[in-house]
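What the coordinates show
Here is what each chain is made of, one letter per residue.
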Amino acid sequence: MLSFDIQTKHQKTLEQIFKNPLPANLAWSSIENLFLALGAQKIEGRGSRVRFELSGVIATFHRPHPQKEAKKYQVKGARKFLEQTGIKL
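Residues numbered from 1 in each chain as written. Predicted model: local features only at pLDDT ≥ 70, side-chain atom pairs only at ≥ 80, totals over all residues. Heavy atoms only, no water.

**What about unusual backbone geometry?**
Stated precisely, the cut-off is as follows: In DSSP terms, a helix is any run of H or I states spanning at least four residues, a strand is any run of E spanning at least two, and both are numbered starting from the N terminus.
Pro21 follows Asn20 through a cis peptide bond whose omega is -5°. Along the chain, Pro21 turns up in the loop between helix 1 (8-17) and helix 2 (28-37). Residue Pro66 is bonded to the preceding His65 through a cis peptide linkage, with omega at 5°. As for its position among the elements, Pro66 is in the loop between strand 3 (57-62) and helix 3 (72-84).

**Section: helix 3**
Where we set the bar: Any helix carries an expected span of 1.5 Å times its number of residues minus one. Note on contacts: a residue pair is in contact if any heavy atoms of the two residues lie within 4.5 Å.
Helix length check: helix 3 (13 residues) gives 18 Å between terminal C-alpha atoms against 18 Å at 1.5 Å per residue, within 8%. Looking at the buried positions of helix 3, the neighbouring elements they touch are helix 1, helix 2, strand 2 (49-54) and strand 3. Positive backbone phi, at 95°, marks Gly86, one or two positions downstream of helix 3.

**A few points about the side chain of His10**
Considering the arrangement of structural elements, one finds His10 in helix 1. If sequence neighbours within four positions are ignored, His10 has contacts with Asn33, Leu34 and Ala37.

**Comments concerning the pattern of salt bridges**
This is how the line gets drawn: Every case where a carboxyl oxygen of Asp or Glu lies within 4 Å of a side-chain nitrogen of Lys or Arg is listed as a salt bridge. Three labels apply to residues, based on accessible area from a 1.4 Å probe with only protein chains included: buried if under 20% of the type maximum, exposed if over 50%, partly exposed otherwise in between.
Summed over all chains, the structure comprises four salt bridges. Residue Lys42 pairs with Glu32 through a salt bridge whose shortest N-O separation is 3.3 Å. Taken together, the residues Lys42 in strand 1 (residues 41-44) and Glu32 in helix 2 connect sequence positions ten residues apart. In this structure Glu32 comes out as buried when scored by relative accessible area, which is 7%. For Lys42, the salt bridge identified is with Glu44, shortest N-O distance 3.6 Å. What emerges from the salt-bridge pattern is a single network uniting Glu32, Lys42, Glu44 and Arg63.

Okay, structure coming up:
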C-alpha cells in the first residue's frame, strides 16, 4: 500500500493506471492531477507536450487531443513513470 495519504479520487486513478488490462477510458486530466497530488512539478512544453518531474525522474508526455481520454500507451507511460519514482500498488 502507499506510504502517503492521497484523496480517494487520486487513489482510484492510481488503481486504474496499474490495472490490467489497461483502461481505455481514463481521463488524461485525472493522470495529471494524480502526478501533481504526488508532488510532481509540471513543465509545459510546446503544443500538447508536458513534462513531469518527481523524485529526480522526468517523463515527457503528449496530451491526447481532441479527445480527453488517455490512450493506452499514455497510461502505460504513466505507470512506468510512477514505478521509476518508487510508486507501486
